[in-house]
Amino acid sequence: MNADSLSRAFAALADPTRRDMVARLSEADATVSQLAEPYRMTLQAVYKHLRVLEDAGLVSRPKGPQPRPVRLEAEALDLMDTWIERHRRRVEQRYRRLDAVLAEMRGDAHGQDHGGRDRSRSDAAGHPDES
């Protein structure tokens, strides 16, 4: 999926009605009439939504006589998921690095406090005049 296709897919899913259609199609294929049932819109409006989803590669309708089932194209979702996961991993790596730096800073701050006291205790314990 190239950048334009990815942009079309995300743009298609920006609409709540189209996201709902995709969610419903993830359960099972449906005809256009079945998809239209819960919406208070014309069949023509449903076809317009489906056209956007088809152009984005998210759904397909096989050629042939009516009624034709509308199918969700899992490959398009997989490609979107791959794009999202790549960026999620980068963000998580960035936060892990930040956590490591913060832990190191806490460790250094604690190390200086404890290190200074520990050295003075060991120095005092090892000093001949202290016995």
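Enquirer: How should the nonpolar core be read in this particular structure?
Expert: As a rule of thumb, soluble globular proteins bury nonpolar side chains together. In terms of nonpolar packing, the biggest core is built from 22 residues, with Leu 25, Leu 50, Leu 53, Leu 58, Val 59 and Val 70 touching the most fellow members. If you list the elements that add at least two residues to this core, you get α1 (3-12), α2 (16-27), α3 (32-36), α4 (43-55) and α5 (74-126).

Enquirer: Is there a simple way to explain the pattern of salt bridges in this structure?
Expert: Any two side chains of opposite charge can pair, given that their charged atoms come close. Following the criterion strictly, the structure yields five salt bridges and no others. In this structure, Asp 55 and Arg 51 form a salt bridge, with 4.0 Å as the shortest nitrogen-oxygen distance. Separated by four residues within a single helix, Asp 55 and Arg 51 lie in helix α4, roughly one turn from each other. According to the relative accessible area criterion, Asp 55 is partly exposed, its value standing at 45%. Judged by its relative accessible area of 49%, Arg 51 is partly exposed. Taking the shortest distance from any N to any O, the salt bridge between Arg 61 and Glu 54 comes out at 3.3 Å. Judged by relative accessible area, Arg 61 falls into the buried class, the value being 18%. Residues joined by salt bridges that share partners form a network here, namely Arg 51, Glu 54, Asp 55 and Arg 61.

Enquirer: Even after reading the chapter, I still don't get a nonpolar patch on the surface, so can you show me in this structure?
Expert: A cluster of nonpolar side chains, Val 91, Tyr 95, Leu 98, Val 101, Leu 102 and Met 105, forms an exposed patch at the surface whose accessible area comes to about 520 Å². Mapped onto the elements, Tyr 95 comes out in helix α5. Judged by its relative accessible area of 44%, Tyr 95 falls in the partly exposed class.

How each quantity is defined
- As a convention, each chain's residues are numbered from 1 in the sequence order in which they are written.
- For a predicted model such as this one, the threshold for reporting local features is a pLDDT of at least 70, and the threshold for listing and counting side-chain atom pairs is 80 or more; totals across whole chains, interfaces and linings nevertheless cover every residue.
- As a rule here, side-chain values come from all non-hydrogen atoms in the structure, and water together with hydrogens is ignored.
- The nonpolar core is taken to be a set of buried Ala, Val, Leu, Ile, Met, Phe, Trp, Tyr and Cys residues, with the residues joined through side-chain atoms within 4.5 Å.
- Here's how the labels work: a residue is buried when its accessible area is under 20% of the maximum for its type, exposed when over 50%, partly exposed in between, all with a 1.4 Å probe on protein chains only.
- Helix and strand assignments follow DSSP, with helices taken as H or I runs no shorter than four residues and strands as E runs no shorter than two, numbered in order from the N terminus.
- Any carboxyl oxygen of Asp or Glu that lies within 4 Å of a side-chain nitrogen of Lys or Arg is treated as forming a salt bridge with it.
- A patch consists of residues whose relative accessible area exceeds 30% and which take part in no salt bridge; residues with like charges are grouped when within 9 Å of each other, and nonpolar side chains (Val, Leu, Ile, Met, Phe, Trp, Tyr) when within 5 Å.
- Reported accessibility uses the Shrake-Rupley method at a 1.4 Å probe radius. Residues are deemed covered only where the shown protein chains occlude them.

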